[in-house]
Amino acid sequence: GGISVVLLVVTLFFSCGQDPKMSSAALIPLPDKVSEAEGAFEIDKSTKIHVQKDAGDMHSVADFLAGFINNSTGFNVQVVEKLPETGNYISLSQAGGGEAYKLDINRDRIEIEAGSAAGAFWAVQTLRQLLPVEIEKQGTYEGVSWKVPAGTIKDDPEYAYRGSMLDVARHFFDVNDVKRYIDLMAMYKFNHLHLHLADDQGWRIEIKSWPKLTEIGGSTEVGGGEGGFYSQEEYREIVRYAQERFITIVPEIDMPGHTNAALASYPELNCTDEVPELYTGIEVGFSTLCTDKEVTYQFIDDVVRELVEMTPGPYIHIGGDESHVTALEDYIPFIEQVQDIVNSYDKQAIGWDEIAHAALRPSTTAQYWAKAENAKMAVEQGSKVLISPASKAYLDMQYDSTTRLGLHWAAYIELDSAYMWEPTELVEGIDKADILGVEAPLWTETIETMDDIEYMVFPRLIGIAEVAWTSPEKRDWEGYKSRLRKHTARLEALEVNYYQSPLLEEK
Ligand code: TNX
């Protein structure tokens, strides 16, 4: 009697110890519903991934998952179009709509049902976080059992636009850096990458009809380094890479201010017909296109046309911020005309919140970063707002007064501050229906390398992912903090140079 009780206890102890539990997985962003069950699914060398033959993009997601698994396990898991009769499998199929997904895991099967290929891709990101941390490392890991805890997850994002912005104008970052940024964003279900392609210090996108923009305007950066730019081919490569990860590229040409690099490249864009010097400092608000010259609008039309040819996404970002040397009576018609140019190519304009001083076209979105009154004016005109409050979501803000990089004009933003805010509570009179989504920008005046990027972005971006994805009732700092603590092991596996906040130390 006694012995068998002891044996039973010992067996239970070991079997519990062996199967991972869904409740102990540190999922970020937190899914809508998680219910755990007994047991686990184990990926082994004969596991199959099943997807229907005519599944289109869903098929690419299956291929992505197979590649991802094989990369770290060393298995050669195959994608099949016929339901396997023996062995365990992971299946992907279409059900419901939008980006919603359901992930159903038991001993024999993992079933992913999603409203779209994008939803299936987000389900795959959740699955990643349910696997042992070694899944994030390159190379074959002998002796790891690739178990996924049993249970069901149902999930659906709070906002349709979940974004981050990379300023490649102040300091230039090459295609490989942008790809790594895209990979890291995709893990947290971000679906828009806004590229700030032109500013006073640099023009970073090849425009064939105005070649000096990159020849001259792309030749330097903050601090006087050598700068750089993306050829159209490289930009298309970024678009394609992002698309495979269900991320839409939003290109920005900031205007009429923040244009010194363009003004230094072509005298005719200046009211004086004379070029200024290239600029490598970090002041803002001193430059403007000449808003009453016809050539200015020909220039913008050419730039927008070439950008549109390479940009499948619906948005062109027109900047519009800090035009301190453009008179308001010039600024207003300028912004109106530039929206019309964008709309004439069947694209929708996004601009920083100042654009709300102009008449906004029906499809234009205002990006709230500084002035609540501007955001309100935009909504009163019937526009949607993209939420990027500088004091919460600006990834270039320092963590505290000891941070080696970054600025602090808006705030010091520790991990708790970057997490504890709610988009619908920022501006009186702006509700969920007015909000397109959330975006976290990284300005790079002080950021020079990929290591610098990672230090400022991680782990704050992970918290903002949860603000954008998870409903407010489900979010709380203490719960998030304990998940993030566990989750840092994944950042380490990916060799992300993240900020080790004192808030993450176990007390
Ligand atoms: C304000 S945010 C700017 C940028 C700077 C940033 C630095 C915005 C629309 N304009 O030009 O890079 O502050 O934090």
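Summary of the structure given here. What you are looking at is a predicted structure, and each value in this text was computed from that prediction instead of being measured.

What counts and what doesn't
- Numbering of residues begins from 1 in every chain and follows the order in which that chain's sequence is written.
- Restriction of local features to residues with pLDDT of at least 70 applies here, the model being predicted, together with a cutoff of 80 or more for giving and counting side-chain atom pairs; totals for whole chains, interfaces and linings are based on all residues.
- Hydrogens and waters are ignored; side-chain quantities use all the structure's heavy atoms.
- Here a cavity means grid points, on a 1 Å grid over the protein atoms only, where a 1.4 Å probe fits yet cannot get out; a pocket means an open set of points with protein on both sides within 12 Å along at least five of seven lines; lining residues are those with an atom within 4 Å of a point.
- Grid points are joined across faces, edges and corners, and a volume is the space filled by probe spheres set on the points.
- Comment: elements are numbered from the N terminus, with helices defined as DSSP H or I runs of at least four residues and strands as E runs of at least two.
- When residues are grouped by polarity, Ala, Val, Leu, Ile, Met, Phe, Trp, Tyr, Cys and Pro land in nonpolar, Asp, Glu, Lys and Arg in charged, and all others, Gly among them, in polar.
- Note: domain ranges come from an automatic or database domain assignment.
- Each helix should span, by expectation, one fewer than its residue count multiplied by 1.5 Å.
- Exposed residues in this analysis have more than 50% of their type's maximum accessible area, buried residues have under 20%, and partly exposed residues fall in between, with area computed by a 1.4 Å probe over protein chains only.
- Paired rings are identified among Phe, Tyr and Trp, the last through its six-membered ring, by centres lying within 6.5 Å, and are further divided according to the angle between planes into stacked (under 30 degrees), edge-to-face (over 60) and tilted (the rest).
- Our definition puts a charge over a ring when NZ of Lys or CZ of Arg is within 6 Å of the ring centre and also within 35 degrees of the ring normal.
- Working definition: a disulfide is two cysteine sulfur atoms within 2.5 Å of each other.

## What about the layout of surface pockets?
The volume enclosed by the largest pocket comes to roughly 540 Å³. Along the wall of the largest pocket there are 24 residues; nearest its centre are Phe68, Arg128, Gln138, Asp183 and Leu494. Of all the secondary structure elements, the ones that give two or more residues to the lining of the largest pocket are helix 2 (57–73), helix 3 (117–130) and helix 4 (175–187). A per-element tally of the lining of the largest pocket places helix 4 first, with seven residues. Within the lining of the largest pocket, the residues separate by chemical class into eleven nonpolar, five polar and eight charged. Lining the lining of the largest pocket are residues from two domains, each supplying at least three of them: domain 1 (18–155) and domain 2 (161–504).

## Looking at helix 2
End to end, helix 2 covers 24 Å across 17 residues, agreeing with the expected 24 Å (1.5 Å per residue, within 8%). Those residues of helix 2 not exposed but buried are Met58, His59, Val61, Ala62, Leu65, Ala66, Phe68, Ile69, Asn70, Ser72 and Thr73.

## Considering the packing of aromatic side chains
Per the stated rule, a full pass over the model turns up 22 aromatic pairs. Here Phe172 and Tyr230 contribute two aromatic rings whose centre-to-centre distance is 4.8 Å and whose plane-to-plane angle is 50°, an arrangement assigned as tilted. Of this pair, Phe172 sits in the loop between strand 8 (161–167) and helix 4 while Tyr230 sits in the loop between helix 5 (212–215) and helix 6 (232–244), and the two are 58 residues apart along the sequence. The pair formed by Phe172 and Tyr230 is uniform in burial state, with each residue classed as buried. Relative to Tyr480, the ring of Tyr419 lies with its centre 4.1 Å away and its plane at 5°, an arrangement referred to as stacked. A residue pair is termed long-range when its members are at least 10 positions apart, and Tyr419 in helix 12 (residues 415–419) and Tyr480 in helix 15 (residues 477–493) qualify at 61 residues. Like Tyr480, Tyr419 is buried. Taken together through their ring pairs, the aromatic side chains of Trp352, Trp369, Tyr394, Trp409 and Trp443 make up a single cluster. Across from the ring centre of Trp469, 5.5 Å away, lies the NZ or CZ of Lys189, which sits over that ring. A cation sits over an aromatic face here: Arg245 above Tyr241, 3.6 Å from the ring centre.

## A look at the state of the cysteines
Considering all chains together, one arrives at one disulfide under this definition. Cys271 shares a disulfide with Cys290; S-S distance 2.0 Å. Across the disulfide from Cys271 to Cys290, rotation about the S-S bond amounts to roughly 100°, and the bridge is consequently right-handed. Of this pair, Cys271 sits in the loop between helix 7 (260–265) and helix 8 (294–310) while Cys290 sits in the loop between helix 7 and helix 8, placing them 19 residues apart in sequence. When its relative accessible area of 53% is taken as the criterion, Cys271 is described as exposed.

## Comments concerning unusual backbone geometry
Along the chain, Ile28 connects to Pro29 via a cis peptide bond; the corresponding omega equals -5°. Examined against the element boundaries, Pro29 turns out to sit in the loop between helix 1 (2–18) and strand 1 (33–43). In this chain, Phe458 is followed by Pro459 through a cis amide linkage whose omega measures 5°. Within the secondary structure, Pro459 sits in the loop between helix 13 (450–457) and helix 14 (460–469).

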